[in-house]
Amino acid sequence: HIAGPAFDDIVRMLGATPIPRHFNASDRDSIADMEREGVKALIMPPNAGSGKGGSLEDLLAVAPDFISRLGIHTILASSTDFSSDMISEVHELGVKNIINFYGTSEAMPTAISCAEDPRTFHLAQGHIYLEVVDTQGRHVKNGERGQVVISRIGSLDPIGIGPVEGTQLFRYAVGD
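This text gives an overview of the structure that appears in the document. Not measured: the values here are computed from a predicted model.

What counts and what doesn't
Residues numbered from 1 in each chain as written. Predicted model: local features only at pLDDT ≥ 70, side-chain atom pairs only at ≥ 80, totals over all residues. Heavy atoms only, no water. Pairing = 2+ DSSP bridges. Helix = DSSP H or I, 4+ residues; strand = E, 2+ residues; numbered from the N terminus. Axes fitted to C-alpha atoms, helices over the stretch in contact; angles between N-to-C directions. Buried < 20%, exposed > 50% of the residue type's maximum accessible area, 1.4 Å probe, protein only. Salt bridge = Lys/Arg side-chain N within 4 Å of Asp/Glu carboxyl O.

1. A few points about the sheet that holds strand S5 (residues 121-123)
Here comes step 1: Within the open sheet, the five strands sit side by side as S1-S2-S3-S4-S5. Their pairing is mixed. Each of the sheet's edge strands pairs with one partner strand only, and the pair in question is strand S1 (41-43) and S5. Neighbour-to-neighbour, the strand axes of the sheet open up by a mean angle of 20°, direction not taken into account.
Here comes step 2: Here two bridges tie strand S3 (residues 97-102) to strand S4 (residues 111-113), and the two strands are oriented antiparallel to one another. Each bridged residue has a counterpart across the sheet, and for Tyr102 the counterpart in S4 is Ala111.

Here you go:
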C-alpha cells in the first residue's frame, strides 16, 4: 500500500513520531498504547470492514470516550469515506481536524478533503492532472459522478516538482 509510507513520511515531516499498530494487538491494546504515548492525532480508516479491528469505528465501540479522554484533535485517513454521523461524533468528542487524502498507487495524492466539509475533496493539481469524465471521456459537471482519469505531468525532486521521470500516464483510468 502506498499510503502507509506516505503517511509515515508526512508524520515525520510534521515533527511527530509514527506509532504503527502491531498486527496482533487488540483494539483495547491499541488504545492503551496511544494513551501511554500521548497520541494527539490518528491515522486510520474510519469504518470497520476488514474484520481485523483497528478502524475508528472499532476503537469507539471498545472505548466510546477514548478520543476526548486522550485529547485527540486530528484524524487523517486515506481514500475512505467518512459518514456524516461519524464526522458529527468525532467533532463532539473534540476532534478539530479531519483530513482525508484521495490517491492511487499510480499518482498519490490526487486530492485532499475540504477543511469545511471532510466529505468533499479539492484536487491536488501540480504533479498530476486529474479529470472526472463520463463514459465518452467528456468532463462531467461539478457535483456529478464520473470516472477518475489522471495524467502524470510532474515528479518530485529535491528542488520541487519537475518533469516526469519514469512511466508517463495520459488519461489513465484508475478505476474509481
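2. Topic: the pairing of strand S7 (residues 147-152)
Here comes step 1: Summarising burial for S7: five of the six residues are buried, a large majority.
Here comes step 2: Relative to S7, strand S6 (residues 128-133) is paired through six bridges, and the arrangement is antiparallel. Paired with Val133 across the strands is Gln147, a residue of S7.
Here comes step 3: Relative to strand S10 (residues 172-173), S7 runs antiparallel, the two sharing two bridges.

3. Comments concerning the pattern of salt bridges
Oppositely charged side chains can pair when the atoms bearing their charge come close.
Here comes step 1: Taken as a whole and judged by the stated rule, the model has six salt bridges.
Here comes step 2: When the shortest N-O distance is used, the salt bridge between Asp33 and Arg36 registers 2.1 Å. Residue Asp33 and its partner Arg36 are located together in helix H2 (residues 27-37), separated by three residues, close to a single helical turn.
Here comes step 3: By relative accessible area, Asp33 is classed as partly exposed at 32%.
Here comes step 4: A salt bridge links Arg69 to Asp65, with the shortest nitrogen-to-oxygen separation between them at 2.9 Å.
Here comes step 5: Connected via shared salt-bridge partners are Glu35, Asp65 and Arg69.

In short, the description is geometric, and any link to function would need to be established separately.
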